[in-house]
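These are the residues of each chain, in order.
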Amino acid sequence: MTDDRTPLARTELAGLLTDAAQSVSGVLTTEYPTSAGRSYLHPVLGALSVGPRVVCELNDRLEEFVIKEPLPSTPAGLFTLASYASALGWLTESLAELTASVDQICTRVGIPAEPPDPAFAAPSSAEQKDEFDFAFSALELAAIRRAAEAAGLSPGDYVEVLSRSLLAASRITDACMEISSSLLEDAAYVLGEGTDHVWIGEGPDSLPTLVRSLLARMEAAV
């Protein structure tokens, strides 16, 4: 039996990647209402709340793409599949790392209640005072103390967990920005070709942007 399905046009392939880029960038713009008692988690709650839904949506679109686009098909279709699958995998991994970071923060403050890890022991009052006097203004110190009191934490503990939250937010932000921009680059490449056949050779320039980025990360980790 022959498969008479028509391969997707370049505009449809580029649209798939563009839509995925917009979904990924949306992870960074989502706001999540945060109570004063959990204000230290505000930097990460938006991405944490919407991230799993975005992954599910992207996975559903990938399944639809595989159904619509016979495999193997045109080089443009294979190029799009490689880019999209790389983006989905990278986002899934980044969200798993974000979840692990948030779990560590929650454990640190007793959510759920567990004995504090000695590695995260808060500095002494004298150390806190010296550090705060050096790093923060009087207004910033007052704001930190108010936020820490609302969260039921000492100022030192509050600064520590907020710093960890900001670091986790920075990592997911960097990942989503690179994923989104790479998807857009690949979409422009697919759309900009003069024919429906995108060149896929053996050189590194023929690989999707996301694939090259992932290979570079793997080489750097070795």
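Residues numbered from 1 in each chain as written. Predicted model: local features only at pLDDT ≥ 70, side-chain atom pairs only at ≥ 80, totals over all residues. Heavy atoms only, no water.

A. Up close: the confidence of the model for the protein. Taken residue by residue, the protein gives an average pLDDT of 79. The fraction at 70 or more is 72%. Every residue in residues 113-134 scores below 50 in pLDDT, and together they form 17 contacts with partners more than four places removed in sequence or on other chains. (pLDDT = per-residue confidence, 0-100. Contact = heavy atoms within 4.5 Å.)

B. Up close: the packing of helix H2 (residues 42-68) against helix H3 (residues 75-109). Where H2 meets H3, the axes come as close as 10 Å, and the angle between the chain directions of the two elements is 155°. When the axis of H2 is compared with that of H3, the two are roughly antiparallel. Between H2 and H3 lies a crossing of left-handed hand. Residues of the contact of H2 with H3, tallied by class, amount to 17 nonpolar, six polar and one charged. (Axes fitted to C-alpha atoms, helices over the stretch in contact; angles between N-to-C directions. Helix = DSSP H or I, 4+ residues; strand = E, 2+ residues; numbered from the N terminus. Parallel < 35°, antiparallel > 145°, perpendicular 65-115°, else oblique. Left-handed = near helix turned anticlockwise from the far one by under 90°. Nonpolar A, V, L, I, M, F, W, Y, C, P; charged D, E, K, R; others polar.)

C. Examining the packing of aromatic side chains more closely. The final tally for this structure, using the stated rule, is two aromatic pairs. Between the aromatic rings of Tyr40 and Tyr158, the centroid separation amounts to 6.2 Å while the plane-to-plane angle is 85°, which identifies the pairing as edge-to-face. Taken as a pair, Tyr40 in the loop between helix H1 (10-29) and H2 and Tyr158 in helix H6 (residues 155-192) lie far apart in primary sequence, 118 residues in all. Here Tyr40 and Tyr158 have matching classes, each one buried. Pairing Phe79 with Tyr189 gives two aromatic rings, centres 5.0 Å apart and planes at 45°, and the pair type is tilted. With Phe79 in helix H3 and Tyr189 in helix H6, this pair connects stretches of sequence that are 110 residues apart. (Phe/Tyr/Trp six-rings, centres within 6.5 Å; stacked < 30°, edge-to-face > 60°. Buried < 20%, exposed > 50% of the residue type's maximum accessible area, 1.4 Å probe, protein only.)

D. Local environment of H1. Over its 20 residues, H1 runs 29 Å from end to end, which matches the ideal 28 Å to within 8%, given 1.5 Å per residue. Burial in H1 covers these residues: Arg10, Leu13, Ala14, Leu16, Leu17, Ala20, Ala21, Ser23, Val24 and Val27. Contact partners of the buried residues in H1: H2, H3 and H6. (Expected span 1.5 Å × (residues − 1).)

E. Representation of the nonpolar core within the structure. One finds Tyr40, Leu41, Leu58, Leu91, Leu98, Tyr158 and Leu183 to be the most contacted residues of the largest nonpolar core, which totals 50 residues. Counting residues per element, the ones that place at least two in this core are H1, H2, H3, helix H5 (138-151) and H6. Looking at this core element by element, the count peaks at 13 residues for H3. When near neighbours in sequence (up to four residues on either side) are disregarded, Leu98 contacts Val44, Ala47, Leu48, Ala168 and Ile172. (Core = buried A, V, L, I, M, F, W, Y, C linked by side-chain atoms within 4.5 Å.)

F. Summary view of the pattern of salt bridges. Across all of its chains, the model carries five salt bridges by this definition. The closest approach of N and O atoms between Arg53 and Glu57, which form a salt bridge, is 2.8 Å. On the criterion of helical spacing, the pair formed by Arg53 and Glu57 is a turn pair, its members being four residues apart in helix H2. Arg53 gets classed as partly exposed once you look at its relative accessible area, which sits at 46%. Close ionic contact of Asp157 with Arg108 constitutes a salt bridge, the shortest N to O distance being 2.8 Å. Pair noted here: Asp157 is in helix H6 and Arg108 is in helix H3, with a separation of 49 residues, a long-range link. One continuous salt-bridge network, built from bridges that share partners, spans Arg108, Asp157, Glu160 and Arg164. (Salt bridge = Lys/Arg side-chain N within 4 Å of Asp/Glu carboxyl O.)

G. Representation of the environment of Ser180 within the structure. Within the secondary structure, Ser180 sits in helix H6. In sequence terms Ser180 and Ala21 are 159 residues apart; their C-alpha atoms lie 4.3 Å from each other. Contact partners of Ser180, with chain neighbours within four places excluded, come to Ala21, Val24 and Ser25.

H. Geometry of the layout of surface pockets. Considered as a void within the structure, the largest pocket measures approximately 160 Å³ in volume. Lining the largest pocket, in full, are Val27, Leu28, Thr30, Glu31, Tyr32, His42, Pro43, Gly46, Ala47, Ala169, Ile172 and Thr173. Elements represented by at least two residues in the lining of the largest pocket include exactly H1, H2 and H6. Residue contributions to the lining of the largest pocket peak at four residues, all from H2. Looking at the lining of the largest pocket, its residues break down into seven nonpolar, four polar and one charged. (1 Å grid on protein atoms, 1.4 Å probe; cavity = no way out; pocket = protein on both sides within 12 Å on 5 of 7 lines; lining within 4 Å. Points joined across faces, edges and corners; volume = space filled by probe spheres on them.)

I. Layout of H3. Here H3 is 35 residues long and its end C-alpha atoms lie 51 Å apart, about the 51 Å a rise of 1.5 Å per residue gives. Gly110 sits one or two residues past H3 and shows a positive phi near 95°.

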